[in-house]
Amino acid sequence: MDFLKDHEAIREMLRLMEENNRQDQAKEFARLIACVDSMEQQYAAVLSELRDVKQQLSEMPEQRRSMKDALTDMAQALEDRVEEMREQLQTIREKIISCAKDAVSNFKQMGTAALDTAVYALGIKKLLESVQDKICGSMEKTSASIQRVEAMGQELRSAGNHLKNAGRAAVGKETQQTDTAREGRFQAAVLAPMRAANAIYAGMNRTIYGALGAVDRLERAAERTRGKRERPSVRQRLEEKKTETQARPLALPDPSRKPHEAAR
């Protein structure tokens, strides 16, 4: 469900923008809420992948307890980081809804100024940038975790190969060389959701770029319309000057002054 897109106040704000010569702002506002709704879905997807990692780790044999605990802690740290980002996303959503409610509520008294003022005061750019930083950090940590799991798996396969060859040599059999680079079944089961999570992070990063771009364009458009509204047109200035001239009292001659003084 597109929660923001389906919100009543947001639908009404978009309608007012469309009907009051704010089509470009309406397009950018719609793009912003689509990005935020998309991020909500992406967060849910990445959490699902990380929980799948933990489920796979829970099935790891007990003889590998130390490795199991280390990887479980790693997966939990990644999940906690995503939850932090999700809380920030909730704050962004609340600010967008508040912006729409203010614009709709003040429109009858302020007219189009209410739309521009609400957009200009949205104030979510720093929050979006903070989320972007966390996404980039999560991508780096997940990539490092993937490399760690790959290295662990290779070491385990290499150790297993050495033990098998030691047994074969003990009974006079020829040793065998195995491909230690090939992922084992369990390792692949853990790595698959981790790689999927990293792919989702990359998609989230593209989405956040889209949201930041929409906010920049919204703010610039609101600033332009605010400036136009605050600067009177040439016609308005002429009308104001005419009104001022008409309201100015006529200068009457001073009866106390002598005629020759008035002519001087």
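Structure first, text after, so check above.
The secondary structure content of the chain amounts to eight helices and zero strands. When the helices and strands of the chain are placed in sequence order, the string is α-α-α-α-α-α-α-α. Counting across all 264 residues of the chain, residues that qualify as buried make up 38%. In the chain, of all internal contacts separated by at least 6 residues, the share reaching a separation of at least 24 is 82%. As displayed, the chain has an accessible area near 16100 Å², and 50% of this comes from carbon and sulfur atoms.

Our focus in this paragraph is the side chain of glutamate 28. Inspection of the secondary structure puts glutamate 28 in helix α2 (residues 23–58). Judged by relative accessible area, glutamate 28 falls into the buried class, the value being 10%. When residues no more than four places from it in sequence are discounted, the contact partners of glutamate 28 are Ala214, Arg217 and Leu218.

What follows deals with the packing of helix α1 (residues 8–19) against α2. Taken N-terminus to C-terminus, the directions of α1 and α2 make an angle of 155°; their axes are 7 Å apart at the nearest point. As the angle between them shows, α1 and α2 are arranged roughly antiparallel. Every pair of crossing elements has a handedness; the one defined by α1 and α2 is left-handed. Contacts between α1 and α2 pair Ile10, Met13, Leu14, Met17 and Glu18 from the former with Gln23, Gln25, Ala26, Phe29, Ala30 and Ile33 from the latter.

Attention now moves to the nonpolar core. Counting 49 residues, the largest nonpolar core has Ile10, Met13, Phe29, Leu32, Tyr43, Ile96 and Leu128 as the members making the most contacts within it. Mapped by element, the contributors of at least two residues to this core are α1, α2, α3 (65–110), α4 (112–120), α5 (125–170) and α6 (185–230). Ignoring any residue separated from it by four or fewer positions in sequence, one finds isoleucine 10 in contact with Leu4, Phe29, Ile33, Ile96, Ile97 and Ala100. Grouped together as the second largest cluster of nonpolar side chains are 13 residues, Leu57, Met67, Ile146 and Leu191 included.

What follows deals with unusual backbone geometry. Even without a glycine there, the phi angle at asparagine 21 is positive, about 60°. Following the sequence through the fold, asparagine 21 ends up in the loop between α1 and α2.

So, about the pattern of salt bridges. For side chains bearing opposite charge, pairing can occur when the charged atoms are close. This model, assessed by the stated rule, comprises 11 salt bridges. The salt bridge partner of arginine 86 is glutamate 40, with a shortest N-O separation of 3.0 Å. On the criterion of sequence distance, the pair formed by arginine 86 in helix α3 and glutamate 40 in helix α2 is long-range, its members being 46 residues apart. Take arginine 86: its relative accessible area is 27%, and that puts it in the partly exposed class. Among the ionic pairs, arginine 51 bridges to glutamate 79, the shortest N-O distance being 3.3 Å. A residue pair is termed long-range when its members are at least 10 positions apart, and arginine 51 in helix α2 and glutamate 79 in helix α3 qualify at 28 residues. Judged by relative accessible area, arginine 51 falls into the partly exposed class, the value being 43%. One connected set of salt bridges, linked through shared partners, spans Arg51, Lys54, Glu79 and Glu83.

Relative to the assigned elements, threonine 207 resides in helix α6. Remark: the alpha-carbon pair of threonine 207 and glutamine 42, spanning 165 residues in sequence, is separated by 9.5 Å. Non-local contacts of threonine 207, meaning those with residues more than four positions away in its chain, are made with Cys35, Ser38, Met39 and Gln42.

Quick look at the side chain of glutamine 88 now. The topology assignment puts glutamine 88 in helix α3. Take glutamine 88: its relative accessible area is 15%, and that puts it in the buried class. With residues near it in sequence (within four places) discarded, glutamine 88 still touches Leu127, Ser130, Val131 and Lys134.

Parameters at a glance
Residues numbered from 1 in each chain as written. Predicted model: local features only at pLDDT ≥ 70, side-chain atom pairs only at ≥ 80, totals over all residues. Heavy atoms only, no water. Helix = DSSP H or I, 4+ residues; strand = E, 2+ residues; numbered from the N terminus. Buried < 20%, exposed > 50% of the residue type's maximum accessible area, 1.4 Å probe, protein only. Contact = heavy atoms within 4.5 Å. Areas by Shrake-Rupley, 256 points an atom, 1.4 Å probe, with all protein chains shown as cover. Axes fitted to C-alpha atoms, helices over the stretch in contact; angles between N-to-C directions. Parallel < 35°, antiparallel > 145°, perpendicular 65-115°, else oblique. Left-handed = near helix turned anticlockwise from the far one by under 90°. Core = buried A, V, L, I, M, F, W, Y, C linked by side-chain atoms within 4.5 Å. Salt bridge = Lys/Arg side-chain N within 4 Å of Asp/Glu carboxyl O.

Everything listed is a geometric property; what it means functionally is a separate question.
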